[in-house]
Amino acid sequence: MKKAQTWLISMIILLAITLSGFAGLMFLLDPLLQYGKESAPLTYYAYSEMYSNPGIAQHYEYDTVLVGTSMIENTDVDEFDKLMHTKAVRLPYSGGTALNMKTILDVCFSSGNDIRAVYWELDEFQLFSNPGKTRYPLPEYLYRDDTKEDLSYLLNLDIFYHYAVNDIIGTLRGEVQSAERRGESLYGEFSKQAVLRSYSRAQESGKPRDASAVMAKTEANLSQNIRPLIEGHPETQFVFYFVPFSILYWDKEVREGNFNSTMDALEYAIGQLLCYENVKIYFFHQEEEIITNLDHYKDYSHYGKWINSYLTTAMAADRNRLTQKNFRQTLADMRQYIYSFDFDAIFDQAG
């Protein structure tokens with residue numbers, strides 16, 4: 001009996017030492033930056049938007065936040081800082097919803113940083129998404145600055161395997177990668193041929209999309225995920241911008257019967273947002289020279305990093321800005337342009 005007790009106590013002590021050692025190693029490596037900035041012993045940090053963004057938001061020093069979908073992933077933050085005179089962090093969520101953006105911005109605003117501006121790449125996917133859902137379930141314990149959650153991080157084998165191990169391997173290879181200042185992440189062939197190969201043209205729909213449902217989701221996202229941030233932080237300038245999807249995106253919208261409801265919802269959302277003094281909006285949907293040149297794209301929506309640079313430069317120069325005076329006419333001009341565009345000619349030329 002005594003031997004059994006001794007063995008049990010020994011195993012408990014061994015387990016406690018093993019777990020303490022593992023937790024200590026995770027604390028030292030801090031692969032998801034839950035305790036501070038990047039520092040020795042690592043020089044390489046693997047990045048995952050869902051897992052890495054909250055640590056960056058909580059512990060880095062910044063005065064500007066850049067949020068959005070994969071459309072911002074190739075934004076050069078150093079160039080952005082130079083042109084905008086900011087100290088920014090870039091926190092994208094590929095295919096993210098408005099709730100994704102609100103969730104990470106809530107972390108940013110609770111970080112203690114004095115946030116002067118938020119640049120929010122806003123698009124139809126966010127406005128029309130379910131206002132109560134993120135694209136993928138988030139590891140919520142990483143988004144809460146709560147010491148009670150520490151063990152969920154420090155004893156997490158999945159995080160150790162997918163992040164700490166990769167960081168160690170990268171560091172041993174002499175590689176250097178900052179989670180905050182990582183390079184471009186959208187790769188591939190940017191060409192008209194690549195876009196057309198990946199684009200499956202939709203059948204023309206005889207029935208338009210339910211406009212009331214689109215408008216209801218737009219209003220819900222404004223009410224639950226966007227207005228609370230604008231109203232709760234009147235000292236922060238919110239800059240929303242709509243990026244230039246290719247002309248094939250609009251071909252899809254027209255053929256599927258979605259275009260009118262999309263434009264109606266955009267007009268409503270823009271009108272609502274422009275009511276706030278701390279809001280600016282820039283609109284690039286109608287950039288004809290960009291959207292009609294498919295060599296800028298890898299698919300019907302994702303463009304090359306030189307377009308990210310163009311958007312930064314344009315906003316820094318205050319071009320393409322919408323106001324209460326011009327936004328309705330801008331959208332009316334876009335409607336006219338899209339409805340008069342010869343989409344078939346794109347495919348005739350390709351053939």
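The paragraphs below set out a description of the structure included in this document.

**Details of the pattern of salt bridges**
When their charged atoms lie close together, side chains carrying opposite charge are able to pair.
Right, on to step 1. Using the criterion set out here, one finds 14 salt bridges in the structure.
Right, on to step 2. Here arginine 201 and aspartate 344 are joined by a salt bridge, their closest N and O atoms 2.9 Å apart. Of this pair, arginine 201 sits in the loop between helix H9 (192–198) and helix H10 (211–232) while aspartate 344 sits in helix H16 (residues 343–350), and the two are 143 residues apart along the sequence.
Right, on to step 3. Exposure remark for arginine 201: the relative accessible area of 25% places this residue in the partly exposed category.
Right, on to step 4. The partner of aspartate 264 in a salt bridge is arginine 335, and the shortest N-O contact between them spans 2.5 Å. Highlighted residues: aspartate 264 in helix H12 (residues 259–273) and arginine 335 in helix H15 (residues 327–340), separated in sequence by 71 residues.
Right, on to step 5. For arginine 335, a relative accessible area of 17% puts it in the buried group.
Right, on to step 6. Shared partners join several salt bridges into a network, and the residues in it are Asp264, Glu267, Arg328 and Arg335.

**Some remarks on the packing of aromatic side chains**
By convention here, two paired aromatic rings are described through the distance between centres and the angle between planes.
Right, on to step 1. According to the stated counting rule, one finds 22 aromatic pairs in the structure shown.
Right, on to step 2. Here phenylalanine 80 and tyrosine 119 contribute two aromatic rings whose centre-to-centre distance is 5.0 Å and whose plane-to-plane angle is 90 degrees, an arrangement assigned as edge-to-face. Within this pair, whereas phenylalanine 80 is found in helix H3 (residues 77–84), its partner tyrosine 119 is found in strand S3 (residues 117–121), the two being separated by 39 residues in sequence.
Right, on to step 3. Where tyrosine 199 meets phenylalanine 347, the ring centres are 6.1 Å apart and the plane angle is 25 degrees; that geometry is what we call stacked. Here tyrosine 199 is found in the loop between H9 and H10, whereas its partner phenylalanine 347 is found in helix H16, with 148 residues between them in sequence.
Right, on to step 4. You can call tyrosine 199 buried: its relative accessible area is 10%.
Right, on to step 5. For phenylalanine 347, a relative accessible area of 23% translates into the label partly exposed.
Right, on to step 6. An aromatic cluster is defined as three or more aromatic residues linked by ring pairs; in this entry it consists of Phe125, Tyr199, Phe245, Tyr249, Trp250, Phe259, Tyr300, Tyr339 and Phe347.

**Thoughts on the environment of glycine 257**
Right, on to step 1. Here glycine 257 lies in the loop between helix H11 (247–255) and H12.
Right, on to step 2. With 45 residues separating them along the chain, glycine 257 and serine 212 place their C-alpha atoms 14 Å apart.
Right, on to step 3. The contacts of glycine 257, once residues within four sequence positions are left out, are Ser205, Pro208 and Arg209.

Scoring rules and cut-offs
- Residues numbered from 1 in each chain as written.
- Predicted model: local features only at pLDDT ≥ 70, side-chain atom pairs only at ≥ 80, totals over all residues.
- Heavy atoms only, no water.
- Salt bridge = Lys/Arg side-chain N within 4 Å of Asp/Glu carboxyl O.
- Helix = DSSP H or I, 4+ residues; strand = E, 2+ residues; numbered from the N terminus.
- Buried < 20%, exposed > 50% of the residue type's maximum accessible area, 1.4 Å probe, protein only.
- Phe/Tyr/Trp six-rings, centres within 6.5 Å; stacked < 30°, edge-to-face > 60°.
- Contact = heavy atoms within 4.5 Å.

In short, the description is geometric, and any link to function would need to be established separately.
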